[in-house]
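# Chain and residue survey
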Amino acid sequence: MRLEKCWFCSSTVYPGHGIQFVRNDAKIFRFCRSKCHKNFKMKRNPRKVKWTKAYRRVHGKDMTQDSTFEFERKRNRPERYDRNLAENVLKAIPKIDKIRVSREERHHKNRMRGKKEKLQKEAARELEQGINLVKAPSALLLDPSLTLPKITVNVSQQQSDNNTPMED
Amino acid sequence: MAAAAASRFGHSLFGGGLRNCFPGLFTTTSHKLTCNTNFLSQQQRTFIQMRTVLKVVDNSGAKKVMCIQALKGRKGARLGDTIIASVKEAHPNGKVKKGKVVYGVVVRAAMQKGRCDGSEVKFDDNAVVLVDKQGQPIGTRVFGPVPHELRQKKHVKILTLAGHIA
């Protein structure tokens, strides 16, 4: 049984899941779920849709070239069963997984390296540029011209004023 | 924005009575527009039933046939089913002439069909390969992809003639 990759989001299509569309030139498009199939029908480009693997690869979000990806690939010749080989493969799978995860973490860390300094720099610049918009609270208390003057309004008189034009 | 502006304008001129009718008018038109786009983008695919016109993808001489009877299924034929059809368009000197009644196997259907493992498969168009009453193909070539389900339906000859099996 072969585990195919979804054409749109590049996730694994397990047996019995999803739908496949065969174009007239015999190209097969496999989709893992109706979400991917619908996006394909809307003629969206997976490289431009942010949640797909293709987008993340193109925009440098994920690791693209790594030796751990070499183990998972399409083989057209079936491997002859060998008990020792199967045992070794089963042993190697968690090890490779661990290496892959650690490398992905390192990649993410590298990608996020300058982020904190950048954010702080931006915040400092915004503060410098917009400091004139902020008034200290104590300044408002000292200088009465900065606050709105208090006006006493006679409420009952206003109501009678409002009523007269409506009746006209 | 336009609807809000219009409603405010109406209120100041004519009072509250007319205000209610403006937003209603705007919402109905926009709703109709969205319905139209949905209808165009997602057409519902159905069974191959009486009067369905199918493409003939072999060299029997017919180009288009119209289904006149599905031999199996209450609602109509699906991928891999046999139909009776009448030839609507044909090449001038082929084996099959226009107006003849022929048997055909549906080798491509735009409506999705479940596979044995639970996934689904669908094709670009509705296509048929003409066969005789015993199930032997009339033509000697089959164009385009055909599904491997034809093997279960005992149409191995069509599978061997086909170039691509999906």
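Residues numbered from 1 in each chain as written. Chains lettered and ligands numbered in written order. Predicted model: local features only at pLDDT ≥ 70, side-chain atom pairs only at ≥ 80, totals over all residues. Heavy atoms only, no water.

Residue and element names in this part refer to chain B. Topologically, Asp58 is positioned in the loop between strand 1 (53-56) and strand 2 (62-70). No salt bridge is formed by the buried Asp58; its nearest oppositely charged neighbour, Lys95, is found at 8.4 Å. A distance of 3.1 Å separates a polar atom in the side chain of Asp58 from the backbone nitrogen of Leu130. Excluding residues within four positions of it along the chain, Asp58 makes contact with Val129, Leu130, Gly139, Arg141 and Phe143. (Helix = DSSP H or I, 4+ residues; strand = E, 2+ residues; numbered from the N terminus. Buried < 20%, exposed > 50% of the residue type's maximum accessible area, 1.4 Å probe, protein only. Lys, Arg positive; Asp, Glu negative; His and termini not counted. Salt bridge = Lys/Arg side-chain N within 4 Å of Asp/Glu carboxyl O. Polar contact = N/O pair within 3.5 Å; in protein donor to acceptor, adjacent residues only side chain to side chain. Contact = heavy atoms within 4.5 Å.)

We now examine the sheet that holds strand 4 (residues 28-31) of chain A. Strands sit in the order 4(A)-3(A)-6(B)-5(B) across an open sheet of four strands; the sheet is mixed. Only two strands of the sheet have a single partner each, and these edge strands are strand 4 of chain A together with strand 5 (113-114) of chain B. Seen against the sheet, helix 1 (residues 34-41) of chain A touches strand 3 (19-22) and strand 4 of chain A together with strand 6 (120-123) of chain B and runs at an angle of roughly 135 degrees to strand 4 of chain A. (Pairing = 2+ DSSP bridges. Axes fitted to C-alpha atoms, helices over the stretch in contact; angles between N-to-C directions.)

Another aspect to go through is the environment of Cys6(A). All names here are of chain A. Relative to the assigned elements, Cys6 resides in the loop between strand 1 (4-5) and strand 2 (12-13). As for Cys6 and Cys32, which are separated by 26 residues in sequence, their C-alpha atoms are 5.3 Å apart. With residues up to four places along the chain from it excluded, the contact list for Cys6 reads Ser11, Val13, Arg30, Phe31, Cys32 and Cys36.

Looking now at the confidence of the model for chain B. Of all residues in chain B, 75% attain a pLDDT of 70 or more, and the chain-wide mean is 81. Reported confidence for the predicted complex is 0.72 by ipTM and 0.71 by pTM. (pLDDT = per-residue confidence, 0-100.)

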